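# Architecture and fold: a report
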Amino acid sequence: MPATLNHTIVFTNDKVSAAGFLSELLGIETTAWGPFVKVHVGETDLEFMNVKDAEWNDHVAPQHLCFLITEEEMDRVLERLEAHSVEPYTSPLYNERGVNHFYGGRGCYIRDIVDGHMLEFITAAYDDTPADVEDAKWRKAAVAKDHR
Ligand SMILES: [Fe+2]
């Protein structure tokens with residue numbers, strides 16, 4: 001059986017609000033479980049934990065989480081972002097507001113409203129196009145794949 005990512009801990013300053021925000025965007029229920037509030041995404045549980053409850057960690061480091069969703073779900077995500085006055089950005093550099101059209105789909109990046117975690121939503125999975133640290137080259141490669 002191939003390995004899957006079963007769960008990961010997402011440290012937060014407010015597990016109810018952070019998990020609630022993500023669950024609202026994705027239309028997924030949350031579950032209270034021990035010290036966590038879980039958001040079950042695909043085969044993976046995102047376990048939101050208040051950093052003040054973790055004896056081994058004393059800070060919330062920004063994490064990047066990307067969610068592959070349908071076009072209909074993207075419509076809902078964008079509506080909910082607008083309702084929360086959260087601006088989507090076209091790249092992880094957060095230098096241009098809007099929605100990208102990489103790999104034949106739509107995608108956007110936001111910072112979650114509780115901790116600033118870098119959340120990404122895409123409707124088409126990335127392929128093996130090599131990424132480049134220079135934004136212009138990276139975007140050019142992704143857009144080129146859009147026109148295959
Ligand atoms: Fe990403």
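The following refers to the structure shown. Position labels on residues start from 1 in each chain and follow its written sequence. In keeping with the model being predicted, local features are shown solely for residues with a pLDDT of at least 70 and side-chain atom pairs are shown and tallied solely at 80 or more, while totals for entire chains, interfaces and linings include all residues. Side-chain numbers here rest on the full set of heavy atoms in the structure, without hydrogens or water.

What follows covers the sheet that holds strand β1 (residues 7-12). Any two strands between which DSSP finds at least two bridges are classified as paired. Helix and strand assignments come from DSSP, with helices taken as H or I runs of at least 4 residues and strands as E runs of at least 2, each series counted from the N terminus. With respect to topology, four strands assemble into an open sheet ordered β1-β4-β3-β2, the strand pairing being mixed. Looking at the sheet topology across the chains shown, the edges are occupied by β1 and β2 (30-33). If you compare each strand with its neighbour and ignore which way they point, the axes differ by 30° on average. As paired elements, β1 and strand β4 (residues 44-50) share six bridges and run parallel to each other. Paired with Ile 9 across the two strands is Glu 47, which belongs to β4. Every residue pair with non-hydrogen atoms within 4.5 Å of one another is taken to be in contact. Axes here mean lines fitted to C-alpha atoms, for a helix over just the part in contact, with angles spanning 0 to 180 degrees between N-to-C directions. In the packing of helix α1 (residues 15-26) onto the sheet, the strands contacted are β1, β2, β3 (36-41) and β4, and the crossing angle to β3 comes to about 15°.

Moving on, we come to the coordination of the iron ion. Note on metal geometry: ideal angles are 109.5 degrees for four donors arranged tetrahedrally and 90 or 180 degrees for six donors arranged octahedrally. Those protein atoms acting as donors to the iron ion are His 64 (NE2) and Glu 120 (OE), and they sit at 2.1 to 2.2 Å. Placement of the pair is His 64 in strand β5 (residues 64-68) and Glu 120 in strand β7 (residues 118-122), with a sequence separation of 56 residues. For every residue, the accessible area obtained with a 1.4 Å probe (protein chains only) is divided by the maximum for its type, and the residue is called buried under 20%, exposed over 50%, and partly exposed between those limits. Since its relative accessible area comes to 42%, His 64 is described here as partly exposed. For Na, K and Ca the donor cut-off is 3.2 Å, while for other metals it is 2.8 Å, and in both cases only N, O and S atoms qualify; water is not among them, so sites may look incomplete.

Throughout, nonpolar core names a set of buried Ala, Val, Leu, Ile, Met, Phe, Trp, Tyr and Cys residues whose side chains join them through atoms within 4.5 Å. The biggest cluster of nonpolar side chains holds 22 residues, and the ones touching the most others in it are Leu 22, Leu 46, Phe 48, Phe 67, Leu 81, Ile 110 and Phe 121. Those elements that place two or more of their residues in this core are α1, β3, β4, β5, α2 (71-83), β6 (107-111) and β7. The biggest single contributor to this core is α1, with six residues. With near-sequence residues (within four places) excluded, Leu 46 lies in contact with Thr 8, Val 10, Leu 22, Val 37, Lys 38, Val 39, Val 41, Leu 65 and Phe 67.

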